[in-house]
2 protein chains.
Amino acid sequence: MAAVADRLTQVAAHLLPQPPHPHDPLSGAEIRKAVEIVRSAHPGLFFNAVTLWEPRKAAMQAWLAAPNTAPRPHRVADVVAIGRGSKVYDGVVDLTTGEIVSWELTEGVQPLITMEDLQIVESVVRRDPKVIEQCGIIGISPEDMHKVYCDPWTIGFDDRFGSNVRLQQALMYYRPHVDDSQYTYPLDFCPIYNADTQEIIHIDVPPVRRPLNKAPPNNYHAAAIEAEGGFRTDLKPIHITQPEGVSFSVEGRVVKWVNWKVHVGFNYREGLVLSNITFNDKGEERPVFWRLSLAEMVVPYGNPEHPHQRKHAFDLGEYGGGYMTNSLSLGCDCKGAIHYMDADFVNRAGEPQTIKNAICIHEEDSGILFKHTDFRDETVTVTRGRKLIISHIFTAANYEYCVYWILHLDGTVQLEIKLTGILNTYAMNPGEDTKGWGTEVYPGVNAHNHQHLFCLRVDPQIDGPSNSVFQVDAVPSAAPVGSPENYYGNAFFAQKTRLETAGASACQYDGNTSRSWDIANEAKINPYSKKPVSYKLVSRDVPPLLPKEGSLVWKRAGFARAAVHVTKYDDSQIHPAGRHVPQTSGEPSMGLPAWIAANPAANIANEDIVLWHTFGLTHFPAPEDFPVMPAEPMTLLLRPRNFFTRNPCLDIKPSYSSSPSGAKATGVVDRESKLAFTDKGCGKC
Amino acid sequence: MAAVADRLTQVAAHLLPQPPHPHDPLSGAEIRKAVEIVRSAHPGLFFNAVTLWEPRKAAMQAWLAAPNTAPRPHRVADVVAIGRGSKVYDGVVDLTTGEIVSWELTEGVQPLITMEDLQIVESVVRRDPKVIEQCGIIGISPEDMHKVYCDPWTIGFDDRFGSNVRLQQALMYYRPHVDDSQYTYPLDFCPIYNADTQEIIHIDVPPVRRPLNKAPPNNYHAAAIEAEGGFRTDLKPIHITQPEGVSFSVEGRVVKWVNWKVHVGFNYREGLVLSNITFNDKGEERPVFWRLSLAEMVVPYGNPEHPHQRKHAFDLGEYGGGYMTNSLSLGCDCKGAIHYMDADFVNRAGEPQTIKNAICIHEEDSGILFKHTDFRDETVTVTRGRKLIISHIFTAANYEYCVYWILHLDGTVQLEIKLTGILNTYAMNPGEDTKGWGTEVYPGVNAHNHQHLFCLRVDPQIDGPSNSVFQVDAVPSAAPVGSPENYYGNAFFAQKTRLETAGASACQYDGNTSRSWDIANEAKINPYSKKPVSYKLVSRDVPPLLPKEGSLVWKRAGFARAAVHVTKYDDSQIHPAGRHVPQTSGEPSMGLPAWIAANPAANIANEDIVLWHTFGLTHFPAPEDFPVMPAEPMTLLLRPRNFFTRNPCLDIKPSYSSSPSGAKATGVVDRESKLAFTDKGCGKC
């Protein structure tokens, strides 16, 4: 009956017009309204971003605590618009009141490059005489200019051109046939594009020329594989079904699953934003994280030859993980029973645009959740795990990033990222020495060394807003072997160092101590362990930023200088490389370094804090990564430690459970599992 | 037709009596035969192990190269038997000829403790007057001795008792009710059991006594959960099915799947052994690994108080990962379409015993294999991955280790281990200080800090037997920012250091350089990258051994002193902590340190080599790990690098593929996937 009542409430909720949840992304209608309000005051602008200006945390928490009496946070739009002459306007528009709250001309910055900005460049380079000339030099005739392609990147920063003109660099490629992968045919020169005038203002030409690659195409599309002998037929289908439906519910954008509750937001920049994540601990809805997102990333390339130093894309801050999000397909990107959410963005002209199926929400079986067999009598309990996965995939020119936020039954939050797509490539001559800065992955194709460094923004709320961060190192006792305190030499412990101020919060990773970080609420002590309730950040793919101190990347990607930074919470601090990233010089370093420098003594112990975690991997390409890269996974965990008094998932039905006294339970009996070579189904259980 | 012919050949193969593959484990009949041969020459023995004495590599390779002309390796049994007075005999019995090849009385060693050895102890402690006395002291009356339990461990090493008498230490527990988890009621004393005389010879009693825990039971069996409110009903089933059958075939114990071929062995000690692993690269069956196994492990506990230094179980060498293997159940331990293999062992009396369903072989969907979308026109190829998982689970007293060997389509071999089961616990008094060596996970229950350090034995055969190992570090260029070689400061590269001799092969892990190891065949160069074909060991959970240099654990677990050791191949070197591990003193260190010390100058470059990799994790317990621990996963990868000239899985049918010219392919269309809240199936694809 409760289920029926729940369902009726849900149905009713869908029938009645509901005001959006304050954390919901702006709808198409809201985007349109924001644009109209701006237009009426400031005509003649192009729109770069119209996104939710998130409710201030204090106001939002007050409203959540007393939704009937506290003021409901207004719907507010955060607007970036561009006027003639690369003029950039940052505005805040209150959609509830219809008022422009603030409107500023921001000098010396360049907002991110949208997909529309990218699309224009290719047609410009194809007809530019200087580009046609360069193509001729390396062996492409003028009538083949339609076979010339480019991946337009922000210029990053190039001190010859500064930050006042909106620029892109065009990484040049060629397709002998329209279906060929252009990454097999990189061109050796790099035009610079002025987005204002829509013209090529310069071309970087290397001292040694590299004529167009003569190698045969290296393709992976269906026709190419068919021509090479076709697809395998020996992989039999695996079906994943939920005949009784899914185990999660969705109200608006609030997803409830087992003990978890989370608001699923999305914006043009970070892509997925998970807010107000709580875990129901035996009836008590305990806050865990206020907000989780991938806030920034940087992909520095390791070839020092000019102009490759400019290849260090901030894919979120310079292009937008939301803007570049794929529209997903059932059974292709995720299998099983899927719930999708769309994403609404503004286009350059101020119209709302929708990416269908931008977000995928689904469950997966996750193998054994826990098991124990008593060796005496073989009594056993075995329980299978389940995970809820909230994901999106974005395409950053050549690369694909598949982002999976995973909730586990045991209270763990996992972030998994799969890297796939295509290597960024550059031309090389036959016999040319890569000097170790890259790998010849195919004749004439040099794939440069690079890193993918992500910045995870963790706004914790471990049983409340006041949290502390401890660096935790697994270390041996200092006492020598033979001493009374450590006679046998086997003593080791978790050395915990509390981070006290933002200015002293930078921590490097240390694999040698299995370093991790506890985000703790020191005011709430686990009654058993007497330790503060906490979530531990367990992350093992944590390379340092390899570009050196003082390098351009080091200056621009300040967040990546440490594995962990902690700051006192500030509503305005979302983007660790700055609000507007393209063409920042790094002097001064924007975002995280600037915030910390502004108040290095800021207390971060028992405070409302934000933890910034840089993780990722260093990629030395190899031929097996080409012409398209098998997905490389990377993961990190946020695990409850001393948070619960007990394993919180003991009430998941076991697959099988027996006890010495003879009591048995068969729970989620899986009669669908079969023996591979007979039709025999589930045995014991 | 080819498929039909294959099937007929398979059927025929099953009908004809086939000689076992030389790598097959001994069958029950072979075990019986080995025992009979031994008995006829040496009556009155108990059997500790009768297992395959694996063919010598040279003989095996000769036979594989010319199966019709080279001699077929004999079936040979490796026998460990125990006579009266703890006399240990090591023997080799040729089953083909019926002869005992060697038979030796081995002095001063103790072979591993079998499940039967373990089972006896509990009944002995229950009736021992000294144990009954100690129970009385901490509050257990003599009539409750049937509620006293123990986990018998090998003694490890205790210099008071030496190595000549076969000993166990009994970690003591209590169950108020037969169904209660005894780990909530650890007892504070530790009897020492003599396996020869089957009596308690000593009891270690702590200076401060800890009476029996008075806390209520903390159980997870079905009746307990029902009594607390019952199991959740909101997790809907997920069905995983393969209506057209599985994609792998099994002939004898050789598994073929897509391009992979592997022989699946199993022994009492290592559990799973994968041999002669090859990858079919466009028709060429390329050898990758000769043999892969988990060869040893050690679980040192970090509490220095006597006698806890003895808690550092070598679960493989002291108990046997095969002997402790669970009998698996369909739908419980693995879901889908499963092929099981049984395992045959000898018992103490010399009879063959079978563990049904000891090994599970099954496929799983593994999400996106690769994907790329062209941002210009949204043409896309997305292909789903698949993995073949060969697994077993073993119960080491309180803990469970789930071992998954995973083959991927892209040529990657993954080893995943899930740790679950129950924490080893010790008694503590109310208010007692754990001193940081453990955590009170429940009132009166102290779970000590510990490490799980596994030793992976990699016998590589990267395109042939002669291989080299390179330590690979991701490092910045040495040239400073502003210098001509590194003007922009962004240069970084893979620094490769070849390991030259066994004596200088020990490598520590370095997270700061994302250290990995390439196992390379320097005689075979990738035609594109000009680098040797290789497999890279990527392992990120690599804590150092925390017990200090000179400690008992350090001496006994020499393999764990470094992340990587490399030795020249030797048929006899399988067990890195020695052939017989219980009661080794570590003086001298057995196994790996002894082998290396015997010939430190042994060349390991371009040689037949073995790489020994120690990995694992350090566990500081928390209440959420109790009373049964949610599975903690850990993984490592062996990835092809410069091994292929191209992504080797491009011929896997895409879920969806389109090209700019309009060519499309829908491959493995998954019409089973549905929208969660409607019945709409697969959309685009």
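Conventions adopted
Residues numbered from 1 in each chain as written. Chains lettered and ligands numbered in written order. Predicted model: local features only at pLDDT ≥ 70, side-chain atom pairs only at ≥ 80, totals over all residues. Heavy atoms only, no water. Helix = DSSP H or I, 4+ residues; strand = E, 2+ residues; numbered from the N terminus. Rg over C-alpha atoms; globule rule 2.2 N^0.38 Å. Buried < 20%, exposed > 50% of the residue type's maximum accessible area, 1.4 Å probe, protein only. Salt bridge = Lys/Arg side-chain N within 4 Å of Asp/Glu carboxyl O. Least-squares fit on C-alpha atoms with pLDDT ≥ 70 in both. Contact = heavy atoms within 4.5 Å. Pairing = 2+ DSSP bridges. Axes fitted to C-alpha atoms, helices over the stretch in contact; angles between N-to-C directions. Buried area = accessible area lost by both parts, 1.4 Å probe. Polar contact = N/O pair within 3.5 Å; in protein donor to acceptor, adjacent residues only side chain to side chain. UniProt positions renumbered as here; feature names shortened; annotations may be inferred. Core = buried A, V, L, I, M, F, W, Y, C linked by side-chain atoms within 4.5 Å. Phe/Tyr/Trp six-rings, centres within 6.5 Å; stacked < 30°, edge-to-face > 60°. Lys NZ or Arg CZ within 6 Å of the ring centre and 35° of its normal. Arc of directions from axis to C-beta. Disulfide = S-S within 2.5 Å. Lys, Arg positive; Asp, Glu negative; His and termini not counted.

### Quick word on the overall build of chain A
Helix and strand content of chain A: nine helices and 34 strands. By the compact-globule yardstick of 26 Å for 685 residues, chain A fits well, its C-alpha radius of gyration being 27 Å. Principal axes of the C-alpha set define a box for chain A whose edges measure 85 × 65 × 65 Å. Relative to its full complement of 685 residues, chain A shows a buried share of 66%.

### Section: the pattern of salt bridges
When the charged atoms of two side chains with opposite charge come close together, those side chains can pair. All names here are of chain B. Throughout the structure, instances matching the rule amount to 96 salt bridges over all chains. One salt bridge in this structure joins R32 and E351, with 3.2 Å as the shortest N-O distance. Pair noted here: R32 is in helix α2 (residues 28-41) and E351 is in the loop between β16 (337-346) and β17 (352-373), with a separation of 319 residues, a long-range link. R32 sits in the partly exposed class, given a relative accessible area of 38%.

### Quick word on the relation of the copies chain B and chain A
For the pair chain B and chain A, the best superposition has an RMSD of 0.0 Å and corresponds to a rotation of 180° with a translation of 0.0 Å parallel to the axis. What the superposition gives is, in effect, a two-fold axis relating one chain to the other. Comparing contact sets, 100% of the residues at the interface of chain B also lie at the interface in chain A, consistent with an isologous, same-surface contact.

### Thoughts on the sheet that holds strand β3 (residues 87-94) of chain B
Remark on secondary structure: sheet strands pair via backbone hydrogen bonds, oriented parallel or antiparallel. Residues and elements named next belong to chain B. Ordered by their spatial adjacency, four strands build an open sheet running β1-β2-β3-β4, and the pairing between neighbours is antiparallel. Strands at the two margins of the open sheet, each flanked by one partner only, are β1 (46-52) and β4 (99-106). Here the average twist between neighbouring strands, direction ignored, is 15°. Sheet topology places β1 next to strand β2 (residues 76-83); six bridges connect them, and they run antiparallel. From the neighbouring strand, V50 faces β2, where its bridge partner is V79. In the packing of α2 onto the sheet, the strands contacted are β1, β2, β3 and β4, and the crossing angle to β1 comes to about 130°.

### A few points about the interface of chain B and chain A
Contacts between the two partners involve 196 residues from chain B and, on the opposite side, 197 residues from chain A. For the chain B and chain A pair, buried surface summed over both sides reaches about 15800 Å², with 58% attributable to carbon and sulfur atoms. Taken as a group, R232, F375 and F492 of chain B account for 6% of the area that chain B buries against chain A, more than any other trio of residues on that side. Connecting chain B to chain A are 20 salt bridges. Of the charged contacts in the structure, one is a salt bridge between R175 of chain A and D374 of chain B, with a shortest N-O distance of 2.7 Å. Counting the contacts that link chain B with chain A gives 105 residue pairs in polar contact (both at pLDDT 80 or more). Looking at the side of chain B that touches chain A element by element, the count peaks at eleven residues for β17 of chain B.

### A few points about the UniProt feature "active site" (unreviewed entry) in chain A
All names here are of chain A. Under the feature "active site" (unreviewed entry), the UniProt entry names D315 and Y399. On the basis of their most widely separated C-alpha atoms, the annotated residues across 85 residues gather in one place, lying no more than 10.1 Å apart. With respect to the helices and strands, the residue D315 is situated in helix α7 (residues 315-319). On the basis of relative accessibility, which here comes to 6%, the residue D315 falls in the buried class.

### Focus: the sheet that holds strand β1 (residues 46-52) of chain A
Residues and elements named next belong to chain A. Read from one edge of the open sheet, four strands run β1-β2-β3-β4, paired in antiparallel fashion. Unpaired on one side and paired on the other, β1 and β4 (99-106) mark the two borders of the sheet. Between one strand axis and the next, the sheet turns through 15° on average, direction left out of account. In terms of strand pairing, strand β2 (residues 76-83) meets strand β3 (residues 87-94) through eight bridges, oriented antiparallel. Within β3, the residue paired with I82 across the bridge is V88.

### Focus: the UniProt feature "domain: Copper amine oxidase catalytic" (unreviewed entry) in chain A
Under the UniProt annotation, "domain: Copper amine oxidase catalytic" (unreviewed entry) lies at residues 238-650 of chain A. Across residues 238-650 of chain A, helical content stands at 4% and strand content at 49%; the span's end C-alpha atoms are separated by 30 Å.

### Here's the deal with the nonpolar core
Counting 300 residues, the largest nonpolar core has V50, F289 and W405 of chain A together with V50, F289, I390 and W405 of chain B as its most contacted members. Look past the residues within four positions of F289 of chain A in its chain and what remains in contact with it is S275, N276, I277, V413, V458, D459, P460, Q461, I462, Y535 and L638 of chain A.

### Topic: the packing of aromatic side chains
Going through the model one piece at a time under the given rule, you end up with 42 aromatic pairs over all chains. Positioned over the ring face of Y301 of chain A is K311 of chain A, at 4.7 Å from the centre of the ring.

### Topic: helix α3 (residues 57-65) of chain A
Every α-helix carries 3.6 residues per turn, so stepping three or four residues along brings you back to the same face. Residue and element names in this part refer to chain A. Residues K57, M60 and W63 constitute the buried set of α3. Taken down its axis, α3 places every buried residue within 130° of arc, on the same side. Exposed residues on α3 whose side chains face more than 90 degrees from its buried face are A58 and A65. Considering only its buried residues, α3 is in contact with β14 (284-300) and β24 (450-460).

### Let's talk about the side chain of S589 of chain A
All names here are of chain A. Mapped onto the fold, S589 is located in the loop between β29 (564-568) and α9 (592-598). On the basis of relative accessible area, S589 is assigned to the buried category, the value being 13%. For S589, the side chain forms a polar contact with the main-chain oxygen of K555, separated by 2.6 Å. Dropping the residues within four chain positions of it, S589 is found in contact with K555, R561 and A594.

### Looking at the state of the cysteines
A full pass over the atoms with the stated rule returns zero disulfides over all chains. In this structure C150 of chain A is a free cysteine whose sulfur lies 9.2 Å from that of C190 of chain A, the closest cysteine sulfur available.

### Remarks on unusual backbone geometry
Residue P627 of chain A is reached from F626 of chain A by a cis peptide bond, and omega for that bond is 5°. Note on placement: P627 of chain A falls in the loop between β30 (609-619) and β31 (629-641). The omega angle of the peptide bond from E587 of chain B to P588 of chain B is -5°, so this bond is cis rather than trans. Here P588 of chain B lies in the loop between β29 (564-568) and α9 (592-598). Backbone geometry places N357 of chain B, a non-glycine residue, at a positive phi of 55°. Turning to its location among the elements, N357 of chain B is positioned in strand β17.

### So, the pairing of strand β20 (residues 413-421) of chain B
Residue and element names in this part refer to chain B. Buried residues dominate β20, accounting for nine of its nine residues. Of the two faces of β20, the one holding V413, L415, I417, L419 and G421 and the one holding Q414, E416, K418 and T420 are both buried throughout. Pairing analysis gives nine bridges linking strand β19 (residues 399-408) to β20, with the strands arranged antiparallel. Directly across from Y401, in β20, lies its bridge partner L419. Between β19 and β20, which follow one another and run antiparallel, lie four residues, and G411 among them has a positive phi close to 90°.

### Here's the deal with the environment of E587 of chain A
All names here are of chain A. Counting through the fold element by element, E587 comes out in the loop between β29 and α9. The class of E587 is exposed, set by a relative accessible area of 57%. A C-alpha to C-alpha distance of 7.8 Å links E587 and R556, two positions 31 residues apart in sequence. Polar contacts involving the side chain of E587 include one to the side chain of K555, which spans 3.0 Å.

### Things to note about the pairing of strand β31 (residues 629-641) of chain B
All names here are of chain B. Burial within β31 is extensive, with eleven of its 13 residues counted as buried. Two elements, β20 and β31, share eight bridges in a ladder whose sense is antiparallel. If you follow Q414 over to β31, its bridge partner there is L637.

### Looking at the side chain of E607 of chain B
Residues and elements named next belong to chain B. Examined against the element boundaries, E607 turns out to sit in the loop between α9 and β30 (609-619). Although E607 is buried, it forms no salt bridge, and the closest oppositely charged side chain is K568 at an N-O distance of 4.0 Å. Once residues lying within four places of it in the same chain are set aside, the contact partners of E607 are P465, S466, N467 and K568.

### Topic: the environment of S102 of chain B
Residues and elements named next belong to chain B. Within the secondary structure, S102 sits in strand β4. We classify S102 as partly exposed; its relative accessible area is 27%. Each C-alpha atom of the pair S102 and D90 lies 7.9 Å from the other, and the pair is twelve residues apart in sequence. In this structure, S102 is in contact with D90, G91 and V92, ignoring residues within four places of it in sequence.

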